[in-house]
Amino acid sequence: MKPDLPIQPSTAFVKRVIVVDRDPDVTEVLSNVLKPDEWDIVDAANNQAVLELTEKAHFDLIITGAKSTGREDVDLLRKIRYIRPHVRFIILTDQRTPADVVTAMREGAFSYFSKPFSAASLAEMVRIASSGFVWDDGIELVSATPEWISMIARCDQKTVDRLVQFIDELSDLADSEKEDVAIAFREMLLNAIEHGGNFDPSQYVEVAYVRTKRLVLCRIKDPGQGFSLAEIHHAAINNPAYDPIRHDFFREAQGLRPGGYGLLMARHLVDELVFSEKGNEVLLVKHIPASQSKP
């Protein structure tokens, strides 16, 4: 019987990812995102095999299998952090609770997906994880329970994508309400990091997610100087009825990217959109139908 060959460490040219018990959908995602000449995919049968592999060599990314629970994957993450503190760890699971998601965030998971999940969303997260940006300080929990999460997030696009996915997993709403909240939250968070944080990764936004018996509330506070809602002519929300694209003229004059519909979209997707007097803080409120209310 031949002895096991030692696992070679990652080089500057080839990175390594461990994938646990991958199914055809995950295989397709990885084949579309990770280039064979840049990534070596190592399969593992279970979480114990992952732990043994990481004890032998460095890996850049770990993706768990859907058959393990979120709690089991977080336990694995906690053990790996002692060995490989900076590895990016994406949890895939069939079973999750809001408490599991909170614990995963606290332990430094890169992202979290419970089935059924969108293959496109997973592909985008793997693409972000495979890039070389520094991520460890991107999201920091300030305080957390399954009902009230407070955190700070770095003002960059990739951190927004990660945070939106975590919030989506925390939600226990029906699919339609969950999607409305996720889209509105994303639009307002992007607005905060662009206009308040100027896409400056040294700046942070404050974020809170609250789930009561009858509503979901999201609070976003950016580090900017604020604004008056009536004076942001580059936003579609202030277009007159006779000129629905007037804001495009102001955006072009100010050198802003195409868009400007975020505020308008968010206002239609949630029940209340409330700005502070200064304008750098917003509350999104979504009322929960009685059938979905918590006891």
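One structure accompanies this document, and this report is about it. (Residues numbered from 1 in each chain as written. Predicted model: local features only at pLDDT ≥ 70, side-chain atom pairs only at ≥ 80, totals over all residues. Heavy atoms only, no water.)

1. Notes on the side chain of Asn 280
Okay, step 1: With respect to the helices and strands, Asn 280 occurs in the loop between β10 (272-275) and β11 (281-287).
Okay, step 2: Among the polar contacts listed, one links the side chain of Asn 280 to the backbone oxygen of Gly 224, at a separation of 3.5 Å. (Helix = DSSP H or I, 4+ residues; strand = E, 2+ residues; numbered from the N terminus. Polar contact = N/O pair within 3.5 Å; in protein donor to acceptor, adjacent residues only side chain to side chain.)

2. Some remarks on the nonpolar core
Okay, step 1: Judged by nonpolar contacts, the single largest core of 58 residues is most densely connected at Met 151, Leu 163, Phe 185 and Leu 284.
Okay, step 2: In terms of residue count, helix α7 (residues 175-196) provides more of this core than any other element does, eight residues in total.
Okay, step 3: Look past the residues within four positions of Leu 284 in its chain and what remains in contact with it is Ala 184, Phe 185, Met 188, Val 216, Leu 217, Cys 218, Ile 220, Val 270, Glu 272 and Leu 273.
Okay, step 4: Counting residues in hydrophobic clusters, the runner-up holds 20 residues, among them Val 19, Val 26, Leu 30 and Leu 92. (Core = buried A, V, L, I, M, F, W, Y, C linked by side-chain atoms within 4.5 Å. Buried < 20%, exposed > 50% of the residue type's maximum accessible area, 1.4 Å probe, protein only. Contact = heavy atoms within 4.5 Å.)

3. With respect to the sheet that holds strand β5 (residues 111-114)
Okay, step 1: On the basis of which strands lie adjacent, the open sheet formed by five strands has the order β2-β1-β3-β4-β5 and parallel pairing. The sheet is open, and its two edges are formed by β2 (39-44) and β5, each paired on a single side. Strand-to-strand, the axes of this sheet are offset by a mean angle of 15°, without reference to chain direction.
Okay, step 2: Both strand β1 (residues 15-20) and β2 contribute to a ladder of six bridges, which runs parallel. Bridging from a neighbouring strand, Val 17 pairs with Ile 41 of β2.
Okay, step 3: The sheet strands contacting helix α3 (residues 70-83) are β3 (61-63), β4 (88-93) and β5, and the helix crosses β4 at an angle near 165°. (Pairing = 2+ DSSP bridges. Axes fitted to C-alpha atoms, helices over the stretch in contact; angles between N-to-C directions.)

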